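Below, each chain spelled out in residue letters.
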Amino acid sequence: MQTSGIAGSSGESIPDQAHGLASGHVSLRPRFETANRVTTRSAVSPMPEESLTKPLFILVVGLAMVASMPIKAVLERRGYPALVGYLGVGMLLRLVDREWPFLNHASTWALEMLAELGVICILFRVGLESDPRGLLRQMRRALPTWVGNVSLALVSGFVVTFYLLGFGLIPSLFAAVALSATSVGVSVMVWEDAGRMHTALGEELIDVAELDDLSAIILMIMLFAAVPVLQQGGTLVDLVQPVAVACGLVLLKTALLAGSCYLFARYLEKPITEFFSKFTRSPDPVIGVVGIGFVIAALAEFLGLSAAVGALFAGLAFSRDPDAVKMESSFMPLHELFTPFFFIGIGLQIEPDAVISSVGIGAVLLAVAVAGKYFGTLVPARRHHEMQAASLLAVSMIPRAEIGLIVARKGNTLGDWAVPDHLYGGMVFVSAVTCVASAVLLRRMFSRWPDEEAEGE
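Residues numbered from 1 in each chain as written. Predicted model: local features only at pLDDT ≥ 70, side-chain atom pairs only at ≥ 80, totals over all residues. Heavy atoms only, no water.

**Quick look at the overall build of the protein**
Counting its regular elements, the protein contains 19 helices and zero strands. A burial count over the protein gives 59% of its 457 residues as buried. Carbon and sulfur atoms provide 67% of the accessible area of the protein, an area that totals close to 19,000 Å². (Helix = DSSP H or I, 4+ residues; strand = E, 2+ residues; numbered from the N terminus. Buried < 20%, exposed > 50% of the residue type's maximum accessible area, 1.4 Å probe, protein only. Areas by Shrake-Rupley, 256 points an atom, 1.4 Å probe, with all protein chains shown as cover.)

**So, helix α8 (residues 200–231)**
The end-to-end C-alpha distance of α8 is 46 Å, a good match for the 46 Å that 32 residues give at a rise of 1.5 Å each. Largest kink in α8: about 25 degrees, centred on Ala225, with the proline Pro228 one to four residues after it. Note on α8: the residue one or two positions beyond its end, Gly233, has a positive phi of about 80 degrees. (Expected span 1.5 Å × (residues − 1). Bend = angle between axes of the 7 residues up to and from the residue.)

**Thoughts on the packing of α8 against helix α17 (residues 402–414)**
Two packed helices can be described by the angle between their axes and the distance between those axes. Two elements in contact, α8 and α17, have axes separated by 10 Å at closest approach and are oriented at 10 degrees. With respect to α17, the axis of α8 lies roughly parallel. Crossing handedness for the pair α8 and α17: right-handed. Counted together, Asp213, Ala216, Ile217, Met220, Leu223 and Phe224 of α8 and Ile403, Ile406, Val407, Lys410 and Leu414 of α17 form the full contact between these two elements. The residue makeup of the contact of α8 with α17, split by class, is nine nonpolar, no polar and two charged. (Axes fitted to C-alpha atoms, helices over the stretch in contact; angles between N-to-C directions. Parallel < 35°, antiparallel > 145°, perpendicular 65-115°, else oblique. Left-handed = near helix turned anticlockwise from the far one by under 90°. Contact = heavy atoms within 4.5 Å. Nonpolar A, V, L, I, M, F, W, Y, C, P; charged D, E, K, R; others polar.)

**Some details on a nonpolar patch on the surface**
A grouping of Tyr262, Leu263, Tyr267 and Leu268 is seen on the molecular surface, where their side chains present a nonpolar patch of about 460 Å² in accessible area. Mapped onto the elements, Tyr262 comes out in helix α9 (residues 236–279). (Patch = residues over 30% accessible without salt bridge, like charges linked within 9 Å, V, L, I, M, F, W, Y side chains within 5 Å. Salt bridge = Lys/Arg side-chain N within 4 Å of Asp/Glu carboxyl O.)

**Quick look at the layout of surface pockets**
The computed volume of the largest pocket comes to approximately 780 Å³. Looking at the largest pocket, it is lined by 25 residues, and the ones nearest its centre are Pro132, Leu135, Leu136, Phe313 and Leu316. When residues of the lining of the largest pocket are traced back to their parent elements, those giving at least two are α5 (132–164), α8, α9 and α11 (307–319). For the lining of the largest pocket, a count of residues per class yields 16 nonpolar, three polar and six charged. (1 Å grid on protein atoms, 1.4 Å probe; cavity = no way out; pocket = protein on both sides within 12 Å on 5 of 7 lines; lining within 4 Å. Points joined across faces, edges and corners; volume = space filled by probe spheres on them.)

**Section: the side chain of His335**
Within the element layout of this structure, His335 appears in helix α13 (residues 328–349). Here His335 falls in the buried class, since its relative accessible area comes to 3%. In contact with His335, not counting residues within four places along its chain, are Cys121, Ile122, Arg125 and Pro340.

**Observations concerning the environment of Thr339**
If you trace the backbone, Thr339 turns up in helix α13. With a relative accessible area of 2%, Thr339 lands in the buried category. Each C-alpha atom, one on Thr339 and one on Val119, is 6.6 Å from the other, the two residues being 220 residues apart in sequence. Apart from residues no more than four positions distant in its own chain, Thr339 is found in contact with Gly118, Cys121, Ile122 and Met189. At a separation of 2.7 Å, a polar atom in the side chain of Thr339 contacts the main-chain carbonyl oxygen of His335. (Polar contact = N/O pair within 3.5 Å; in protein donor to acceptor, adjacent residues only side chain to side chain.)

**Remarks on the confidence of the model for the protein**
Looking at the protein as a whole, its pLDDT mean stands at 82, while 85% of the residues score no less than 70. Helix α15 (residues 359–381) holds the highest mean pLDDT among the elements of the protein, 95, whereas helix α1 (residues 14–22) holds the lowest, 50. Across residues 1–15, where pLDDT falls below 50, the model places 31 contacts with residues more than four positions away in sequence or in other chains. A low-confidence stretch, residues 23–49 stays under pLDDT 50, and its non-local contacts, those more than four residues away or across chains, total 72 contacts. (pLDDT = per-residue confidence, 0-100.)

**Details of the packing of α15 against helix α18 (residues 421–448)**
The interhelical angle for the contact between α15 and α18, taken along N-to-C directions, is 50 degrees, at an axis separation of 8 Å. On the basis of their axis angle, the class for α15 and α18 is oblique. In this structure, α15 meets α18 at a crossing whose hand is right-handed. Contact with α15, carried on its side by Ile361, Gly362, Ala363, Leu365, Leu366, Ala369 and Val370, involves His422, Leu423, Gly426, Met427, Phe429, Val430, Val433 and Thr434 of α18 and no other residues of that element. Of the residues contributing to the contact of α15 with α18, the split by class is eleven nonpolar, four polar and no charged.

**Let's talk about the pattern of salt bridges**
Under the criterion given, the structure shown has four salt bridges. Of the charged contacts, one joins Glu99 and Arg98 as a salt bridge, the two residues approaching to 3.7 Å between their closest N and O atoms. The class for Arg98 is partly exposed, based on a relative accessible area of 31%. The partner of Lys373 in a salt bridge is Asp212, with the nearest N and O atoms 2.5 Å apart. Taken together, the positions of Lys373 in helix α15 and Asp212 in helix α8 put the pair 161 residues apart, joining distant regions of the chain. For Lys373, a relative accessible area of 0% translates into the label buried.

**Side note on the packing of aromatic side chains**
Each aromatic ring pair is characterised by the separation of its centres together with the angle its planes make. Per the stated rule, a full pass over the model turns up eleven aromatic pairs. Consider the rings of Phe174 and Phe224, whose centres lie 5.6 Å apart with planes at 85 degrees: the pair is edge-to-face. Of this pair, Phe174 sits in helix α6 (residues 169–179) while Phe224 sits in helix α8, and the two are 50 residues apart along the sequence. An aromatic cluster is defined as three or more aromatic residues linked by ring pairs; in this entry it consists of Phe124, Phe264, Phe318 and Phe331. (Phe/Tyr/Trp six-rings, centres within 6.5 Å; stacked < 30°, edge-to-face > 60°.)

**Things to note about helix α10 (residues 284–302)**
The terminal C-alpha atoms of α10 lie 27 Å apart, and with 19 residues this matches the ideal 27 Å at 1.5 Å per residue to within 8%. For α10, the set of buried residues is Pro285, Val286, Gly288, Val289, Val290, Ile292, Gly293, Ile296, Ala297, Ala300 and Glu301. A positive phi of about 90 degrees marks Gly304, the residue just after α10.

Below, the structure is given as structure tokens:
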């Protein structure tokens with residue numbers, strides 16, 4: 001085994017690449033890759049910068065915005081969530097780019113930013129409409145559900161990848177961490193569309209989902225702290241210090257962000273909201289409120305946490321003020337504008353060649369991904385809920401997207417020793433199927449079960 005000097009696609013040594021995530025100084029957003037990078041990490045022919053001019057990029061964005069309206073109307077009329085259509089738009093863009101390359105680094109960066117604004121809007125709205133006291137009341141139930149689904153998904157993912165599929169220790173760790181992370185945005189969107197986000201069960205889902213998101217970030221950073229040591233043949237004792245330091249930093253930063261948001265909500269939010277309402281006319285006040293939400297989301301990203309966590313905290317900071325909550329109607333056009341791009345961005349990350357070449361591995365990973373989250377959530381949730389409500393929570397935890405794809409892609413760029421191409425393709429397959437299937441299934445479950453049945457204690 002080589003112990004040093006191994007380089008990833010950028011030419012950096014493995015410890016150098018891994019250190020960025022381990023220290024929390026690297027953005028945790030998904031990175032879109034252009035179609036000519038589907039199956040290889042080296043010898044990539046450069047994409048000419050002029051391949052997507054500014055007018056053409058504006059045209060692509062405009063067409064995506066126009067297409068989102070009939071897609072939403074048609075799918076909702078047929079009983080399907082609109083996000084399935086948005087995912088399809090992203091996948092279509094990927095297929096077109098594969099045949100007629102038109103996306104360069106600048107355009108993919110711009111699409112990435114639009115997708116980031118989308119998930120920020122989704123979680124900011126959830127936080128704004130939430131009752132912080134209600135979330136705290138449901139935390140007692142959420143904690144065992146969170147521990148159950150993350151633990152079972154993590155352990156089963158590692159066991160299947162290592163023992164059944166025969167991958168090495170490091171690839172199996174990457175797969176386990178990727179499978180442990182739920183995509184918060186996918187399920188939340190379906191719950192919002194169904195009008196169930198403000199129920200007690202919806203509050204519990206938010207608690208579980210955000211704990212899941214935070215634990216996924218911690219696991220990811222711990223993994224990247226451990227990778228250089230494992231690659232150099234280190235022992236378990238050698239892992240203790242870097243992993244403990246990485247974990248401690250994430251917890252400290254989370255506490256710092258939560259404490260800052262609490263102080264803002266307690267002492268600054270009311271005067272700022274009153275200032276916006278007094279000196280500006282509608283809809284100008286909501287622009288200031290949303291702008292502060294974006295600032296808090298950016299601070300979370302700077303701290304090495306996800307912007308989604310920051311956006312939720314920002315929404316919660318304003319949620320205790322009735323005047324701020326009343327601004328939600330003015331915020332909805334921004335929400336409707338950016339939200340589709342989050343799901344288009346997920347679709348754009350789905351690499352057709354990688355999926356097709358890895359269907360066998362993907363099917364095995366899909367089975368363990370679904371079973372780990374479903375039963376890991378269902379069993380502890382049944383202590384407090386009837387089968388219908390527990391099943392809703394369990395299905396809501398199945399989607400894998402943002403953080404799972406980040407982990408898989410980052411490992412894939414390090415080399416086959418970390419995440420081989422066929423394992424990466426399997427993870428992409430899992431993401432595509434779980435996002436679409438869980439969204440459709442949740443929509444059907446909501447239509448079949450009235451509120452009182454789904455809320456059964």
